[in-house]
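For reference, the chains in residue letters:
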Amino acid sequence: MHFPTTPLENISYKALDFYIKRDDLLHPDFSGNKARKFHYFLSGEFLHVRRVVSFGSNQSNAMYSLSVLAKLRGWEFVYFTHHIPAFLKENPIGNYKYALQNGMKIFESKNKADEANAMSDAKTLIVQEGGRQKEAEYGLEILALELQEDIKRQNIKNPFVYLPSGTGVTALFLQKYLPFTVFTCSTVGGDEYLKKQWKMLEQNEECFPVIVSSEKKYHYGKLDIELYQLWEDLQKNTGIEFDLLYDVVGWKKLLSYLPKMRGTLIYLHQGGLRGNESMLQRYQYKYGIIANYKDRK
Ligand SMILES: *Cc1c(COP(=O)(O)O)cnc(C)c1O
């Protein structure tokens, strides 16, 4: 299976003129980022595989995307998570809800990684948390080639790419295949965590993307009214919905760092919008925000 090319749009946010790669439009059911990372598993035959097993949080984009992959391929999907709160079991929402609808079998486990890895056999594909594995390189090389074609076609001078990182796998592999700088920031753990992840996959530090830091520390998934306001402002001014986990932290750090950046910004929109449903519900509980949010396709 091949994905269609996604648009590279020229837009502005207030005084900032930039380009945005719309990987959020890659596939109606896949999160852009995870679809790229799991592309490899969609393209091969994998005749021996009967099931895919993974683990991670109960609202992860990777979990949802794997449920789509399993459904498309007719595989069983088994997923381990640390804990599922009673209210979520009673009122499924977001990635959790849609993954269940796709047939996911989910189990609570204190040792989610061990339990998943222990299911390894000839018929089973084990996928590490967040898709942190070398197979991700396949789809990200395709994305890097596509970006270079977009840039040539639209005659963009001095481009650089920016994207927020989780595990950092996406940024690292993009940098490997792009002839210009990839900037990124951490949203999970700190900048040191990100470098540690990269060192596990790549020895040569010269190939690492450039990390954009901030003085303020952001904790993954933590609600922050400033981030919510930025999310709303971005949507109002660009007409584009961003994700409330990675993009908002990414934009916060980017905006403070921009004066130091030279060249033309290409922002990579990595999708993940299904996760917004549960994030918005949390914002609503905490701040009483009635988000004007329509259920998307
Ligand atoms: C998974 C994900 C990321 C982080 O990707 P990494 O390769 O783990 O750095 C960023 N944005 C979205 C929307 C994601 O789903």
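Residues numbered from 1 in each chain as written. Predicted model: local features only at pLDDT ≥ 70, side-chain atom pairs only at ≥ 80, totals over all residues. Heavy atoms only, no water.

### Thoughts on the pairing of strand β1 (residues 8-13)
Relative to strand β2 (residues 16-22), β1 runs antiparallel, the two sharing six bridges. Its bridge partner lying in β2, S12 is registered against D17. Between β1 and β2, which pair antiparallel and follow one another directly, the connecting turn spans two residues, one of which, K14, has a positive phi of 55°. (Pairing = 2+ DSSP bridges. Helix = DSSP H or I, 4+ residues; strand = E, 2+ residues; numbered from the N terminus.)

### Thoughts on the pattern of salt bridges
Think of it this way: side chains of opposite charge can pair up when their charged atoms draw near. Scanning the entire structure with this criterion turns up 18 salt bridges. Two residues, E226 and K252, come together in a salt bridge whose shortest N-O distance is 3.3 Å. Of this pair, E226 sits in helix α10 (residues 225-238) while K252 sits in helix α11 (residues 247-257), placing them 26 residues apart in sequence. A single network of salt bridges, built from pairs that share partners, joins K21, D23, R36, E146, D150 and R153. (Salt bridge = Lys/Arg side-chain N within 4 Å of Asp/Glu carboxyl O.)

### Thoughts on the sheet that holds strand β5 (residues 105-108)
One open sheet accounts for four strands, arranged β5-β4-β3-β6; its pairing is parallel. Strands with a single pairing partner mark the edges of an open sheet, and in this sheet they are β5 and β6 (124-127). Sheet twist, expressed as the average angle between the axes of neighbouring strands with direction ignored, equals 20°. Contacts between helix α3 (residues 61-73) and the sheet are confined to β3 (51-55), β4 (76-81), β5 and β6, with β4 contributing the most and set at about 165° to the helix. (Axes fitted to C-alpha atoms, helices over the stretch in contact; angles between N-to-C directions. Contact = heavy atoms within 4.5 Å.)

### With respect to helix α8 (residues 169-177)
In terms of burial, α8 is largely enclosed, as seven of its nine residues are buried. If you check which residues of α8 are buried, you get V169, T170, A171, L172, F173, L174 and Q175. On the buried face of α8, the contacting elements are α1 (32-37), α7 (136-153), β7 (159-165), β8 (182-186), α9 (191-201) and β10 (264-269). (Buried < 20%, exposed > 50% of the residue type's maximum accessible area, 1.4 Å probe, protein only.)

### As for the sheet that holds β7
Pairing within the open sheet is mixed, and its six strands lie in the order β1-β2-β10-β7-β8-β9. In the strand order of this sheet, the two ends are held by β1 and β9 (210-211), each with one partner. Of the pairings in the sheet, the one linking β7 to β8 comprises five bridges and is parallel in character. Residue P164 lies in a different strand from β8, and its bridge partner there is C185. Its contacts with the sheet place α7 against β1, β2, β7 and β10, and it is angled at close to 135° to β2.

### Considering the site of the ligand
Contacts to the ligand come from 15 residues, most closely from K34, K37, G166, T167 and T170. A distance of 2.7 Å is found between an oxygen atom of the ligand and a side-chain nitrogen or oxygen belonging to K37. A distance of 2.8 Å separates an oxygen atom of the ligand from a polar backbone atom of G168. Against a free-state accessible area of 380 Å², the protein chains account for coverage of 99% of the ligand. At three residues, α1 tops the list of elements feeding residues into the shell around the ligand. For the shell around the ligand, the residue count by class is three nonpolar, ten polar and two charged. (Near = heavy atom within 4 Å. Polar contact = N/O pair within 3.5 Å; in protein donor to acceptor, adjacent residues only side chain to side chain. Areas by Shrake-Rupley, 256 points an atom, 1.4 Å probe, with all protein chains shown as cover. Nonpolar A, V, L, I, M, F, W, Y, C, P; charged D, E, K, R; others polar.)

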